[in-house]
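What the coordinates show
These are the residues of each chain, in order.
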Amino acid sequence: KAPRKDVNPDEAVAAGAAIQGSVLAGDRTDVLLLDVTPLTLGIETMGGLVEKIIPRNTTIPVSRSQEFTTYKDGQTAMAFHVVQGERELVSDCRSLASFELRGLPPLNAGAARIRVNFQVDADGLLSVSALELSSGVHASTIVKPSYGLGDEAITRMLRDGVDHASLDMQLRALKEQQVEAERMLLAVDAALAADSHLLTVDEQHAIQCAADHLRSLALQSDHHAIRNAIHALSHQTDHFAALRMNRAVSMALSGRKIDELA
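Residues numbered from 1 in each chain as written. Predicted model: local features only at pLDDT ≥ 70, side-chain atom pairs only at ≥ 80, totals over all residues. Heavy atoms only, no water.

Digging into the sheet that holds strand 5 (residues 94-102)
In space, the four strands of this open sheet follow the order 2-1-4-5, with antiparallel pairing throughout. The sheet is open, and its two borders are formed by strand 2 (49-54) and strand 5, each paired with just one other strand. Pairs of neighbouring strands in the sheet enclose a mean axial angle of 30°, with direction left out of account. Note: strand 1 (residues 41-45) against strand 2, five bridges, orientation antiparallel. (Pairing = 2+ DSSP bridges. Helix = DSSP H or I, 4+ residues; strand = E, 2+ residues; numbered from the N terminus. Axes fitted to C-alpha atoms, helices over the stretch in contact; angles between N-to-C directions.)

Thoughts on the packing of aromatic side chains
To describe a pair of aromatic rings, one takes the distance between the centres and the angle between the planes. This model, assessed by the stated rule, comprises one aromatic pair. Between the NZ or CZ atom of Arg-244 and the centre of the ring of Phe-240, over which it lies, the distance is 5.9 Å. (Phe/Tyr/Trp six-rings, centres within 6.5 Å; stacked < 30°, edge-to-face > 60°. Lys NZ or Arg CZ within 6 Å of the ring centre and 35° of its normal.)

Comments concerning the sheet that holds strand 6 (residues 114-120)
Here we have four strands laid out as an open sheet, ordered 3-6-7-8, and antiparallel in their pairing. The two strands at the open ends of the sheet, each matched to only one other strand, are strand 3 (62-68) and strand 8 (138-143). Within this sheet the neighbouring strands show an average axis-to-axis angle of 15°, counted without direction. In this sheet, strand 6 lies alongside strand 3 in antiparallel orientation, the contact comprising seven bridges. Within strand 6, the position partnered with Glu-67 by the bridge is Arg-115.

Here's what the structure looks like:
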């Protein structure tokens, strides 16, 4: 847009303050001034990535929720790191607070459901809570996102987000594939340790080769190659997964009568 030339910049802030004062005093009802979040608020996920919960310029008060899950089998605690900024990596954002949710039921990876809620009140105070839905385990923290944050810092963080947008997206794509590769390798290793007897020697060797190939690529920087290797390993383990499922169903039904299943 073309810049406006009819506004005196030295008077703009004073005029806005006068209008807001008039609104608060009840003298004017024809003006509505809304406060917004100056920067995006989010939480750290695996791989040092930022999951954005409340985007910048969101009108406050506001409340947003998102569900997360556990990364490893038997995980009974989860750490939450609240951050602020426009970048894709936690290391490039401003740290606000950290807290832990303990006492999670020791379920398989991905089975737990943890609802994280971000709530910013009219005074700009941020409350972050985490609730495990099946057990009711709860933890929370409160922080003032604007504390110690001046206009220059906000401008710098916004500019950095724009300047590094392309590189950040490439790094995010790489980190996401590396995290997915690690998750899949953990699952495959655990499955082989528990049920490798269900496979022939050749089948075990084929899965192990695919896993080793993915493990080596995950250390490199080609996210397309990592993704292809993930798909290859997934395809290689399809038969193994079916065998494990059949065995689990057989064990669950063993010794039970048909009328008991109706």
